[in-house]
Amino acid sequence: MTGPKGGYYKAELGEPHKFDPTFRGPVHNRGCTDVLCCVIFVIVILGYIVLGTVAWMHGDARKVVYPTDSYGQFCGQQGTPNANKAILFYFNILQCANPTVLINLQCPTTQLCVSKCPDRFATYIDMQLNYRRNKSYWDYYKQFCKPSFDNPDKSVSLVLQDEDCPSMIVPSRPFLQRCFPDFITRNGTLTVANKTSFKDGHGKTRSVVDLRDAANKVTAMQQGTESGITSLLDAKEVGVKIFEDYASSWFWILIGLVISMLVSLIFILLLRFTAGVLFWMVIFGVIVAVGYGIWHCYWEYSSLKGKPSSDITISDIGFQTDFRVYLQLTQTWLIFMISLAVIEAIIILVLIFLRNRVRIAIALLKEGSKAIGCLMSTLFYPIITFLLLALCIAYWAVTAVFLASSGDAVYKVMSTRPDCKYTNLTCDPKTFSQSNVTKLCPASQCTFAFYGGESLYHRYIFVLQLCNLLVFLWLVNFTIALGQCTLAGAFASYYWALRKPEDIPPSPLASSFGRALRYHTGSLAFGALILSIVQFIRIILEYLDHKLKGAHNAFTRFLLCCLKCCFWCLEHFIKFMNRNAYIMISIYGKNFCASARDAFFLLMRNVMRVAVLDKVTDFLLFLGKLLISGSVGVLAFFFFTRQIPVIQEEVPSLNYYWVPLLTVIFGSYMIAHGFFNVYAMCVDTLFLCFLLDLEKNDGSATRPYYMASSLRAILNKKNKRPEEKKKRRKQKKEQPNKRH
């Protein structure tokens with residue numbers, strides 16, 4: 001089997017593309033592809049809408065926004081008696097240290113909504129002893145009692161048995177809309193209001209550490225995390241300061257991001273002039289740096305040679321924590337020198353034998369810059385992708401919240417007596433006072449525990465959450481696929497225009513977007529589904545790895561690690577293949593499998609060119625991202641640290657100058673990443689078109705090359721003009737006459 005240039009192609013790499021005289025770029029007369037997958041995709045979207053509607057009907061976001069007291073009432077909800085009581089208060093937070101808290105997800109103490117947290121140590125016994133002399137004691141203490149209780153003369157034992165009031169209150173501050181003890185660490189000692197111990201209201205002296213353990217259990221129950229309450233409260237203070245910094249510097253952050261957007265645009269447009277210079281300068285710098293490293297290693301080796309104890313081997317001295325010991329050995333510098341020499345040789349050999357492929361890669365980068373210059377609208381297409389992704393994320397998050405909050409209030413029996421056999425059993429607050437439980441367990445209450453239910457819908461909430469996640473991944477990957485196919489179609493229209501820009505069809509981006517949606521929704525959904533399933537499996541593996549962190553089964557951990565590694569590689573391979581399949585879909589309009597097969601074989605027939613182009617493109621784009629984010633970051637650093645005298649007075653006062661600085665750097669990198677993603681898609685599309693051009697055409701008048709003149713010059717190819725062809729035919733006819 002021979003190719004168009006007489007070379008032999010292996011059968012397993014597929015047939016090279018043949019010349020088609022009717023081909024003039026992306027095919028316009030095309031049909032719908034992967035219709036079955038399109039129908040399934042539409043049905044899944046409709047089902048996803050139904051799922052969101054059902055979750056909205058059964059869920060209640062107030063259950064997430066507002067804490068719930070022991071009577072099933074929301075704290076802080078407007079239009080209720082608790083409208084001005086937005087904080088949940090625990091009568092005896094020490095009860096939350098019980099190990100059953102994390103099992104039953106219920107702290108066995110009365111919980112009330114209050115307007116503010118207590119700011120002092122006090123016990124009910126002390127209040128009862130002092131309130132007759134000063135009623136302000138009772139006025140302050142009763143705001144943490146049940147609203148219906150107003151009898152400070154009631155005996156302490158009955159008050160605590162009926163849980164009318166807390167046995168004690170401790171200085172607290174609100175966090176997660178709940179009152180937690182106000183912990184402060186002084187000189188390594190944990191204190192609350194400068195005290196390390198306190199009275200618990202039952203005649204016992206307790207340590208502040210007991211409060212911390214109980215508070216940690218509550219935060220673990222609410223957030224599913226093992227983070228300590230002290231660190232969380234400290235994090236809250238830092239968060240408040242960070243919010244203040246954002247409030248005072250948002251305008252300047254926005255200016256920094258606009259600057260990074262302009263710099264990214266200019267950088268891409270200038271790559272047509274600077275791509276080659278930038279690449280060869282960096283490569284030359286690497287060669288010089290490695291060469292200097294070789295010389296320095298040889299100099300160190302020569303200096304140490306002959307010195308006593310320097311000829312000891314590394315294996316003789318074994319492992320040392322002070323790595324400077326190894327630098328005193330000649331063997332160390334010899335290993336460094338040989339390693340650097342091998343790296344230098346590899347770089348030089350690659351440049352010698354692959355120099356033409358490197359030149360092709362640089363020429364394609366320059367051509368990509370020209371293409372974007374002609375199709376400037378493509379740089380702003382990521383805004384559409386961003387809006388669609390934001391819509392997907394918002395819908396997924398809202399659906400997840402409503403699914404999580406689906407359920408009715410579940411009440412359970414809570415008793416202060418440890419021997420009550422009804423503790424933690426489900427109860428009904430409306431009929432609880434008339435039940436036998438109150439007779440057998442006089443000190444028991446029917447209090448709110450959590451939200452749940454026993455219906456079929458509630459039993460499958462977890463499965464519905466998994467479906468929500470899978471469909472979310474599918475929609476996100478479809479949105480990205482739509483963007484890639486749209487951009488590929490626009491850039492393919494540029495490449496297959498023989499005279500640029502005269503032959504470029506009008507509105508190539510809009511036309512490509514319409515073709516992708518009208519004809520290839522099924523194909524894009526098919527590729528997105530394959531990728532989504534792999535990503536879904538990876539998320540499950542990460543979840544299992546998180547759950548098995550404390551496991552001591554080495555084989556299980558090893559197997560899980562191998563699976564994670566395999567699926568990571570599979571995900572990246574599928575992303576690479578999908579990207580090239582979408583390019584072929586945008587050009588020829590075939591289905592996903594046929595396009596993926598054609599793209600794969602085309603790339604395998606040019607595997608060395610693919611490898612070189614991929615690495616050169618990645619290197620230059622990564623370098624561009626670093627240059628843009630780094631330069632804007634340096635400018636932001638000088639600005640926010642008041643080192644620019646001209647605008648020194650305009651700098652806002654900040655708690656942490658690194659907050660806006662890191663925001664500008666990260667935002668600049670993401671903006672550059674968005675612009676360069678378009679550029680990378682452009683280069684990949686032009687590269688596949690270039691490979692197709694080489695296989696389909698030969699430079700003749702009937703089969704001219706569509707590639708740029710710079711690429712033809714590198715390959716020593718040129719298009720023959722019709723006049724030249726006629727002239728050569730005439731010369732061939734005249735040659736026999738001259739011989740005679």
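Treat the numbers as computed from the prediction; the structure is a model and nothing was measured. (Residues numbered from 1 in each chain as written. Predicted model: local features only at pLDDT ≥ 70, side-chain atom pairs only at ≥ 80, totals over all residues. Heavy atoms only, no water.)

(A) Looking closely at the state of the cysteines. Here the structure, examined in full by the defined rule, presents four disulfides. Here Cys145 engages in a disulfide with Cys165; their sulfurs sit 1.9 Å apart. Disulfide Cys145 to Cys165: torsion about the S-S bond roughly 115°, handedness right-handed. Residue Cys145 is located in the loop between α5 (136–141) and α6 (156–162), and its partner Cys165 is located in the loop between α6 and β4 (168–169); the two are separated by 20 residues in the primary sequence. The exposure class assigned to Cys165 is buried, which follows from its relative accessible area of 2%. Put simply, Cys427 and Cys446 are joined by a disulfide, and their sulfur atoms are 2.0 Å apart. Here the S-S torsion is close to 105°, and the disulfide linking Cys427 with Cys446 is therefore right-handed. With a gap of 19 residues between them, Cys427 in strand β12 (residues 426–427) and Cys446 in strand β13 (residues 444–452) connect regions that are remote in the sequence. Here the two residues Cys427 and Cys446 agree in accessibility, since each one is buried. Unpaired in terms of disulfides, Cys32 finds its nearest cysteine sulfur in Cys38, a separation of 7.4 Å. (Disulfide = S-S within 2.5 Å. Helix = DSSP H or I, 4+ residues; strand = E, 2+ residues; numbered from the N terminus. Buried < 20%, exposed > 50% of the residue type's maximum accessible area, 1.4 Å probe, protein only.)

(B) Representation of the pattern of salt bridges within the structure. Taken as a whole and judged by the stated rule, the model has 13 salt bridges. Measuring nitrogen to oxygen at the nearest pair gives 3.7 Å for the salt bridge that ties Glu542 to Lys564. Here the residue Glu542 occupies a position in helix α17 (residues 521–547), and Lys564 occupies one in helix α18 (residues 554–588), the gap between them amounting to 22 residues. Judged by relative accessible area, Glu542 falls into the partly exposed class, the value being 37%. (Salt bridge = Lys/Arg side-chain N within 4 Å of Asp/Glu carboxyl O.)

(C) Local environment of the pairing of strand β5 (residues 172–175). Taken together, the four bridges between β5 and strand β6 (residues 178–181) define a ladder with antiparallel strand orientation. Considered in β6, the bridge of Phe175 is made with Arg178. What sits between β5 and β6 in their antiparallel hairpin is a turn of two residues, with Leu176 showing a positive phi close to 55°. (Pairing = 2+ DSSP bridges.)

(D) Geometry of the side chain of Lys625. Tracing the backbone shows Lys625 in helix α20 (residues 607–640). In this structure Lys625 comes out as buried when scored by relative accessible area, which is 11%. For Lys625, the residues in contact, after removing those within four places along its chain, are Gly630, Tyr669, Ala672, His673 and Phe676. (Contact = heavy atoms within 4.5 Å.)

(E) Spotlight on helix α10 (residues 330–353). End to end, α10 covers 34 Å across 24 residues, agreeing with the expected 34 Å (1.5 Å per residue, within 8%). When α10 is considered as a whole, its buried residues turn out to be Thr330, Thr332, Trp333, Met337, Glu344 and Leu351. (Expected span 1.5 Å × (residues − 1).)

(F) Focus on the packing of helix α12 (residues 381–404) against helix α15 (residues 461–495). Put simply, α12 and α15 touch, their axes get as near as 10 Å, and they point 175° apart. On the basis of their axis angle, the class for α12 and α15 is roughly antiparallel. Class assignment of the residues belonging to the contact of α12 with α15 gives a composition of 17 nonpolar, seven polar and no charged. (Axes fitted to C-alpha atoms, helices over the stretch in contact; angles between N-to-C directions. Parallel < 35°, antiparallel > 145°, perpendicular 65-115°, else oblique. Nonpolar A, V, L, I, M, F, W, Y, C, P; charged D, E, K, R; others polar.)

(G) How the structure looks around the confidence of the model for the chain. The predicted model of the chain averages 81 in pLDDT, with 86% of residues at 70 or higher. The model gives residues 1–9 a pLDDT under 50, and that stretch makes 21 contacts with residues more than four places away or in other chains. Note that residues 100–105 has pLDDT below 50 and, in this model, 15 contacts with residues that lie over four places away or in other chains. (pLDDT = per-residue confidence, 0-100.)

(H) Inspection of the packing of aromatic side chains at higher detail. The tally for this structure, following the rule as stated, stands at 23 aromatic pairs. Grouping aromatic residues by their ring pairs yields a cluster made of Trp250, Phe251, Trp252, Phe639 and Phe640. When the ring centre of Tyr140 is taken as reference, the NZ or CZ atom of Arg120 above it lies at 3.7 Å. Sitting over the ring of Tyr495, Lys500 keeps its end group 5.6 Å from the ring centre. (Phe/Tyr/Trp six-rings, centres within 6.5 Å; stacked < 30°, edge-to-face > 60°. Lys NZ or Arg CZ within 6 Å of the ring centre and 35° of its normal.)

(I) Representation of the nonpolar core. Ranked by size, the top nonpolar core spans 104 residues in total, and within it Trp496, Ile587 and Phe690 carry the most contacts. Element by element, the count of residues in this core is highest for α15, at 20 residues. Built from parts of two domains, this core gets at least three residues from each of domain 1 (28–58 + 457–604) and domain 3 (249–381 + 606–696). Apart from the residues lying within four places of it in its own chain, the contact partners of Phe690 are Ile360, Leu364, Tyr495, Met707, Leu711 and Leu715. In this structure, Phe91, Met127, Val159 and Cys165 belong to the second largest nonpolar core, which totals 19 residues. (Core = buried A, V, L, I, M, F, W, Y, C linked by side-chain atoms within 4.5 Å. Domains from an automatic or database assignment.)

(J) The side chain of Asn578, seen in detail. Locating Asn578 in the fold gives a position in helix α18. Once you skip the residues sitting within four places of it in the chain, Asn578 turns out to touch Gly527, Ala528, Leu531 and Phe592.

(K) Representation of unusual backbone geometry within the structure. The backbone phi angle of Ser507 is positive, close to 45°, even though this residue is not glycine. Relative to the elements of secondary structure, Ser507 occurs in the loop between α15 and α16 (508–519). Exposure remark for Ser507: the relative accessible area of 47% places this residue in the partly exposed category. At Arg642, a residue that is not glycine, the phi angle is positive and equals roughly 60°. Along the chain, Arg642 turns up in the loop between α20 and α21 (658–696).

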